[in-house]
Amino acid sequence: MTVRPAKDGLMTVVGAATLMAVLAVATGIAWVSAGDDPLRRRAILFAASITGCAALSGWMFSRISRGRDAATAIAGGLGASLARLAPMLAALAWVSTQEGGLRAAGAAGLLVAFYLPLLAADILLTILAGPGGRRNGGADTVN
């Protein structure tokens, strides 16, 4: 079992807060541009809830698998990608089959518009967090 430093937990919380801040800014911009259209505001809330949950779950999956053995790290990365993409694709498919309503209000475009800044923030946070593996490459012996 690998002992994880306290900064990993702090980075997880900071990353989650950063992702929610990015979502809040994107949602705020969309909300202001929506005007008084209640259907557009409903589409904004729908898109924000789907993308926010997907981004947070993807972030958590990627953080849980850091510093583990190779198979777990790869599975965590794939799980994080699936957690980010599956809700988005399901929501896009559902919105695309609807007549009027959220489709007419532009929910599909909002899903993409919210997803991209959250993905960029996630990538930047992952780069800033640095490598998650053991510094000795996983070797258990002394050179």
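Residues numbered from 1 in each chain as written. Predicted model: local features only at pLDDT ≥ 70, side-chain atom pairs only at ≥ 80, totals over all residues. Heavy atoms only, no water.

Please explain the packing of helix α3 (residues 70-97) against helix α5 (residues 107-129) as it appears in this structure.
Each pair of packed helices can be summarised by the angle the axes make with each other and by the distance between the axes. Where α3 contacts α5, the axes come no closer than 10 Å and their chain directions differ by 170°. As the angle between them shows, α3 and α5 are arranged roughly antiparallel. On α5, the residues that touch Arg84, Leu85, Met88, Ala91, Leu92 and Val95 of α3 are Ala107, Ala108, Leu111, Tyr115, Leu119 and Asp122. Tallied by class, residues from the contact of α3 with α5 come to 10 nonpolar, no polar and 2 charged. (Axes fitted to C-alpha atoms, helices over the stretch in contact; angles between N-to-C directions. Helix = DSSP H or I, 4+ residues; strand = E, 2+ residues; numbered from the N terminus. Parallel < 35°, antiparallel > 145°, perpendicular 65-115°, else oblique. Contact = heavy atoms within 4.5 Å. Nonpolar A, V, L, I, M, F, W, Y, C, P; charged D, E, K, R; others polar.)

I keep staring at helix α2 (residues 38-64) and nothing clicks. Help me out?
Within an α-helix, residues lying three or four positions from one another point in the same direction, as the helix has 3.6 residues per turn. If you check α2, its first and last C-alpha atoms are 39 Å apart, about what 27 residues at 1.5 Å a residue would give, namely 39 Å. Two to three positions downstream of the cap, the backbone nitrogen of Leu39 sits 3.3 Å from a side-chain oxygen, assigning the N-cap of α2 to Asp37. (Expected span 1.5 Å × (residues − 1). Polar contact = N/O pair within 3.5 Å; in protein donor to acceptor, adjacent residues only side chain to side chain.)

Any chance you could explain α5 here in plain terms?
Taking 1.5 Å per residue as the helical rise, α5 with its 23 residues ought to reach 33 Å, and the 32 Å between its terminal C-alpha atoms agrees with that figure. Of the residues one or two after α5, Gly130 is the one with positive phi, at around 80°.

Looking at this model, I keep getting lost on the environment of Ser49. Mind explaining?
Mapped onto the secondary structure, Ser49 falls in helix α2. Given the relative accessible area of 37%, Ser49 is considered partly exposed. Spatially, the C-alpha atoms of Ser49 and Leu111 are 9.5 Å apart, while their sequence positions differ by 62 residues. (Buried < 20%, exposed > 50% of the residue type's maximum accessible area, 1.4 Å probe, protein only.)

Can you walk me through the pattern of salt bridges in this structure?
Two side chains bearing opposite charge may form a pair once their charged atoms approach each other closely. Taken as a whole and judged by the stated rule, the model has 2 salt bridges. A salt bridge links Arg84 to Asp122; the shortest N-O distance between them is 3.2 Å. Placement of Arg84 in helix α3 and of Asp122 in helix α5 is noted, with a sequence separation of 38 residues between them. We note that Arg84, like Asp122, is buried. Two residues, Arg103 and Glu99, come together in a salt bridge whose shortest N-O distance is 3.7 Å. Note on Arg103: relative accessible area 42%, which makes it partly exposed. (Salt bridge = Lys/Arg side-chain N within 4 Å of Asp/Glu carboxyl O.)

What should I look at first to understand the packing of aromatic side chains in this one?
Each aromatic ring pair is described using two quantities: the centre-to-centre distance and the angle formed by the ring planes. Counted according to the given criterion, the structure contains 1 aromatic pair. For the ring pair Phe46 and Trp94, a centre distance of 5.7 Å and an interplane angle of 45° mean the geometry is tilted. Pair noted here: Phe46 is in helix α2 and Trp94 is in helix α3, with a separation of 48 residues, a long-range link. (Phe/Tyr/Trp six-rings, centres within 6.5 Å; stacked < 30°, edge-to-face > 60°.)

For this particular structure, what's the right way to read the packing of α2 against α5?
Running from N to C, α2 and α5 cross one another at 25°; their axes reach a closest spacing of 9 Å. In this view, α2 runs roughly parallel relative to α5, as classed from their interaxial angle. Where α2 crosses over α5, the handedness of that crossing is right-handed. From α2, Arg40, Ala43, Ile44, Phe46, Ala47, Ala48, Ile50, Thr51, Gly52, Ala55, Trp59 and Arg63 reach across to α5, where they touch Ala107, Leu110, Leu111, Phe114, Tyr115, Leu118, Asp122, Leu125, Thr126 and Ala129. (Left-handed = near helix turned anticlockwise from the far one by under 90°.)

Sorry if this is basic, but what is going on with the confidence of the model for the protein chain here?
Interpreting fine coordinate detail is not advised for predicted regions of low pLDDT. On average, the protein chain scores 86 in pLDDT, and the residues at 70 or more come to 86%. By mean pLDDT, helix α4 (residues 101-104) is the weakest element of the protein chain at 86, and α2 is the strongest at 93. (pLDDT = per-residue confidence, 0-100.)

Just to check I follow, could you spell out the side chain of Ser62 for this structure?
Within the element layout of this structure, Ser62 appears in helix α2. Among the polar contacts made by the side chain of Ser62, one reaches the main-chain carbonyl oxygen of Trp59 at a distance of 2.8 Å. If we ignore the near neighbours within four places in the chain, the residues touching Ser62 are Gly76, Ala80 and Arg84.

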